[in-house]
Every structure is written in C-alpha cells, then in structure tokens.
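A structural walkthrough
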Amino acid sequence: MKKEFIKRALRGFPQGIVIGYVIAICFSLSIGDGNYYACSSELIETFGSEMTAVVVQFICSGILGAIFAGGTVVYEIDSWSIARQSAVYFLIGSLAMMPIGYVMNWMQRSFWGFVLYFFVFVVIWLICWLVNYIFWRLRIKKLNNKVSQLNK
C-alpha cells in the first residue's frame, strides 16, 4: 500500500501543478485585461516577491495533487466500508487543504475565514464525491448487466 501511495503521489504532483496553472489562467481570463496573473497579489505581498510567491504556489499545488492522488489508495482497502474509505480520504484531503489554503491566502486569516473556507471545501468535496459515486455505480451496473447477458 505504501508503494502504491508513493507511485500515485508522484503522478499526482505534476497533475496538481497543471491544475494550479489552469486555475491561474482562468483567473487571469476572468479579470479580462489581457494580463497573466501567475498568483494573487496577497501571495506576492506575503512572500515579498512574485518569483517567491510563484515558487511557493508551484510547490503547494504539487503537494495537493500528490496528497489527493496518493490518498486514493484508501478506496482499495476492501475490508473498509465506502463510508469509512470516504471519511479517511476526506480527512487526508482536509489535513492537506486547510494549511495550504492558509499559506496560499485562499482564506481570510481569521476564525470565520477558516470556517467559510472549510465549508466551501466540504461542499466541493461532497459534489465531487457524489459525481464519482454515481459514475462508478452506473459503471458497475453496466458491467453487471454484461455479465448477466454472458451467463444466459
């Protein structure tokens, strides 16, 4: 399991970086002034230079990608229920997202800023979980139907 976690995390690191850059591009497009904003002005202010802020964002995006990708190994523990697997995966994701969100200035640095950020994270996580759950449920149903057809 540790080997599989590491393998997935190594694949997830560059995926996290790509997602981070896609978000930066979308953010820049939404501003609509023709400029590319590699990171937020708050992050630049926090780290003192744009270059340092971009490097920190690059590393944090990669870490998030690695942790979320590596964490998927919990879904392969057959002795656990889907509820337990999901709860552990949520905990893994939360323990990564909350401190990185704080460092990256994705939340207001206050109690209520943390609460709001965590609430938004929970909502997004639940939507993603539900979409995946429905996808896999339909896929399994389709496979079961094919097996039924073969057995007739």
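Up top is the structure.
Here is a short report on the structure shown in this document. (Residues numbered from 1 in each chain as written. Predicted model: local features only at pLDDT ≥ 70, side-chain atom pairs only at ≥ 80, totals over all residues. Heavy atoms only, no water.)

Overview of the overall build of the protein chain
The number of helices and strands found in the protein chain is 5 helices and 0 strands. What you see in the protein chain, going N to C, is helices and strands ordered as α-α-α-α-α. Relative to the compact-globule value of 15 Å for 152 residues, the protein chain shows a C-alpha radius of gyration of 19 Å, a clear excess of over 25%. The principal-axis extent of the C-alpha atoms belonging to the protein chain is close to 65 × 35 × 30 Å. Relative to its full complement of 152 residues, the protein chain shows a buried share of 29%. Element-wise, carbon and sulfur atoms account for 71% of the exposed surface of the protein chain, whose accessible area totals about 10700 Å². The distance from the centre of the 13 positive side-chain charges to the centre of the 7 negative ones in the protein chain is 22 Å. (Helix = DSSP H or I, 4+ residues; strand = E, 2+ residues; numbered from the N terminus. Rg over C-alpha atoms; globule rule 2.2 N^0.38 Å. Buried < 20%, exposed > 50% of the residue type's maximum accessible area, 1.4 Å probe, protein only. Areas by Shrake-Rupley, 256 points an atom, 1.4 Å probe, with all protein chains shown as cover. Lys, Arg positive; Asp, Glu negative; His and termini not counted. Charge placed at Lys NZ, Arg CZ, Asp CG, Glu CD.)

A few points about a nonpolar patch on the surface
Side chains of Y21, I25, L29, Y36, M51, V55, F58, I59 and I63 sit close together on the surface and give an oily, nonpolar patch of about 850 Å² of accessible area. Secondary structure elements with two or more residues in the nonpolar patch: α1 (2–31) and α3 (50–70). Per element, the largest residue contribution to the nonpolar patch is 5 residues, and it comes from α3. Its place among the elements puts V55 in helix α3. We classify V55 as partly exposed; its relative accessible area is 36%. (Patch = residues over 30% accessible without salt bridge, like charges linked within 9 Å, V, L, I, M, F, W, Y side chains within 5 Å. Salt bridge = Lys/Arg side-chain N within 4 Å of Asp/Glu carboxyl O.)

So, α3
For α3, which comprises 21 residues, the first-to-last C-alpha distance of 30 Å matches the rise-based estimate of 30 Å (1.5 Å per residue) to within 8%. What α3 keeps buried is the set A53, V54, V56, Q57, C60, S61, G62, L64, G65, A66, A69 and G70. If you follow the buried residues of α3, they end up packed against α1, α2 (41–47) and α4 (82–103). (Expected span 1.5 Å × (residues − 1). Contact = heavy atoms within 4.5 Å.)

Points about empty space enclosed by the protein
With the rule as written, the count across this model stands at 1 cavity of 30 Å³ or more. Approximately 60 Å³ is the volume attributed to the largest cavity. As for the largest cavity, its lining consists of I17, G20, Y21, V54, Q57, F58 and S61. Among the secondary structure elements, those contributing two or more residues to the lining of the largest cavity are α1 and α3. With 4 residues, the top contributor of residues to the lining of the largest cavity is α3. When grouped by side-chain class, the residues that make up the lining of the largest cavity number 4 nonpolar, 3 polar and no charged. (1 Å grid on protein atoms, 1.4 Å probe; cavity = no way out; pocket = protein on both sides within 12 Å on 5 of 7 lines; lining within 4 Å. Points joined across faces, edges and corners; volume = space filled by probe spheres on them. Nonpolar A, V, L, I, M, F, W, Y, C, P; charged D, E, K, R; others polar.)

Everything listed here is a matter of geometry and, on its own, says nothing about what the molecule does.
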